[in-house]
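# Structural features, examined
Single-letter residue listing:
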Amino acid sequence: MYVDRQEFLQKLITKTDSKIVMLVMDGIGDTVVNGKTPLQAAKTPNLDKVATESDLGQTIPVLPGITPGSGPGHLGLFGYDPIKYQIGRGILEALGIDVEVGEKDVVARGNFATIDGDIVVDRRAGRPATEESKKIVEKLNENIKEIDGVKVQFYPGKEHRFVVKLTGEGLDDRIEDADPQKEGLPIKWAHATHPEAEKTAEIFTKLMKQIKEVLKDEPKINFALIRGFSKYPNIPKFPEVYKMRAAAIAVYPMYKGLAKLVGMDILEVDGETPADEFETLKKHWDEYDFFYVHIKKTDSYGEDGNFDAKVHVIEMVDEALPKLLELNPDVLVVTGDHSTPVAISGHSWHPVPFMIKSPYTRAGLSKTFDEFEAARGSMGTIYAVDLMSLLMGNARKLEKFGA
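Residues numbered from 1 in each chain as written. Predicted model: local features only at pLDDT ≥ 70, side-chain atom pairs only at ≥ 80, totals over all residues. Heavy atoms only, no water.

## Considerations on the overall build of the protein
Counting its secondary structure elements, the protein contains 14 helices and 15 strands. Computed over C-alpha atoms, the radius of gyration of the protein comes to 21 Å, within 12% of the 22 Å expected from 2.2 N^0.38 for 403 residues, which places it in the range of a compact globule. Seen through its C-alpha atoms, the protein measures out along the principal axes to roughly 60 × 50 × 40 Å. Relative to its 403 residues, the protein shows a buried fraction of 56%. Pairs at least 24 apart in sequence give 76% of the contacts found in the protein among residues at least 6 apart. (Helix = DSSP H or I, 4+ residues; strand = E, 2+ residues; numbered from the N terminus. Rg over C-alpha atoms; globule rule 2.2 N^0.38 Å. Buried < 20%, exposed > 50% of the residue type's maximum accessible area, 1.4 Å probe, protein only. Contact = heavy atoms within 4.5 Å.)

Now the structure itself:
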């Protein structure tokens, strides 16, 4: 029997002064390379100390064996069933950079890419600097303004990412990602998954072909992959569901967009390091009950297959962690939205480690924070969508169920 967890929890939630911090190290889960995972190889005295005071376990983001995108991975962490709420990445990226999305709009996330002929040789065009990408976006806006009576607008994101918005009558977002997902494969054009989306898919294919023509003389950024086709979805708001003032601290647009979509306030960070993010947390500590803090580069370096760089980011988080711990949150959870193993250079289906620290956790059962201690942890293996109820319970925000 299907149970809407949020609807069920709402009947039990009571408002308290307890504060919850969710620290998400994107793509933190990994597999063993030369005897260790990046979490095991990193020097993490602060994370390990928290582990000795925490309950550990591992989450399954969607279902066993399913490799999640960042959207489903995060929705699960926030307590939204990612199968029920299937949200395109485009809307997340768009909201993250403050693009207005109306009823006649379809938005999508773009990746600048490098092609050789019709073969995709680099899905991220070498991760260009954001300023370089902005210039390419300006070039596209100058050369592509309308297709088949539909208005086209481009918006720059970070590094190789951008947003494209179509505005017109009868647009539909039921379209497969126009991205082969791997290098060395041919260009994949837009294909509708529903008859009513045929027109929109044709426009996106024409758009990609025009992008190819406009960028043909660029040395690296000579194409774009388009994915996450989205209209604006209807989704319950986090503060209303959980009766908490909620804020997000993130550097990358997509994660700001996801938090904004579920009703969290976005707190601007002066800088891009974990220390900068924790400083923002400290600055706004008295204003909110729930803080989502997002660390991106653990995922980026996992996707790049860069073991040492992923280790370095983990160590940066650990070094800055005392700034967070000084605030003494009533509940702290450290986890990821999915695993991004270096050996795979991409997202994977592997369970994700987590640890929860509160006055009510069973301290002393674990010694370190890594995938193997988490697999042996007292919390076992749970679905990510059930994590929020554990946090709420530890924060004493849930009344007893039943007589």
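## What to know about the packing of helix H3 (residues 45-52) against helix H12 (residues 307-325)
Packing of H3 against H12 leaves a shortest axis separation of 7 Å and a crossing angle of 60 degrees. Taken together, the axes of H3 and H12 lie oblique to each other. In this structure, H3 contributes Pro 45, Asn 46, Leu 47 and Val 50 to the contact, and H12 contributes Ile 314, Asp 318, Glu 319, Leu 321, Pro 322 and Leu 325. Of the residues that constitute the contact of H3 with H12, the class distribution is 7 nonpolar, 1 polar and 2 charged. (Axes fitted to C-alpha atoms, helices over the stretch in contact; angles between N-to-C directions. Parallel < 35°, antiparallel > 145°, perpendicular 65-115°, else oblique. Nonpolar A, V, L, I, M, F, W, Y, C, P; charged D, E, K, R; others polar.)

## Some points on the packing of helix H4 (residues 70-77) against helix H9 (residues 253-261)
Close contact between H4 and H9 brings their axes to 11 Å; oriented N to C, the two are set at 40 degrees. Our classification of the angle between H4 and H9 gives oblique. By crossing handedness, the relation of H4 to H9 is classed as right-handed. Where H4 abuts H9, its residues Ser 70, Gly 71, His 74 and Leu 75 lie against Met 254, Tyr 255 and Leu 258. Among the residues making up the contact of H4 with H9, the classes are represented as 4 nonpolar, 3 polar and no charged. (Left-handed = near helix turned anticlockwise from the far one by under 90°.)

## So, helix H7 (residues 198-214)
Here H7 spans 24 Å end to end across 17 residues, near enough to the 24 Å set by a 1.5 Å rise per residue. Along its buried surface, H7 packs onto strand S3 (105-116), helix H6 (130-143), strand S5 (146-147), strand S6 (150-156), strand S7 (161-167) and strand S9 (223-230). (Expected span 1.5 Å × (residues − 1).)

## Some words on the side chain of Thr 205
With respect to the helices and strands, Thr 205 occurs in helix H7. Here Thr 205 is in contact with Trp 189 and Ala 190, once residues within four sequence places are set aside.

## Description of the pairing of S3
The element S3 is largely enclosed, with a buried count of 11 among its 12 residues. Summarising the sheet, S3 and S7 pair through 7 bridges and their orientation is antiparallel. Residue pairing in the sheet places Gly 110 in a bridge with Phe 162 of S7. In terms of strand pairing, S3 meets S9 through 6 bridges, oriented antiparallel. What sits directly across from Ala 113, in S9, is Phe 223. As paired elements, S3 and strand S4 (residues 119-122) share 3 bridges and run antiparallel to each other. The residue bridging Asp 116 from the neighbouring strand is Ile 119, located in S4. (Pairing = 2+ DSSP bridges.)

## A few points about unusual backbone geometry
A positive phi angle, close to 50 degrees, is found at Ala 125, a residue other than glycine. With respect to the element layout, Ala 125 can be found in the loop between S4 and H6. Ala 125 gets classed as buried once you look at its relative accessible area, which sits at 3%. Even without glycine at this site, Gln 181 takes up a positive phi of about 75 degrees.

## Thoughts on the environment of Val 293
The topology assignment puts Val 293 in strand S12 (residues 290-295). Once the C-alpha coordinates of Val 293 and Glu 277 are considered, the two residues, 16 residues apart in sequence, prove to be 7.3 Å apart. Beyond its immediate chain neighbours, meaning those up to four positions away, Val 293 contacts Val 21, Met 22, Leu 23, Val 24, Ile 249, Glu 277 and Phe 278.

Purely geometric numbers; function is a separate question.
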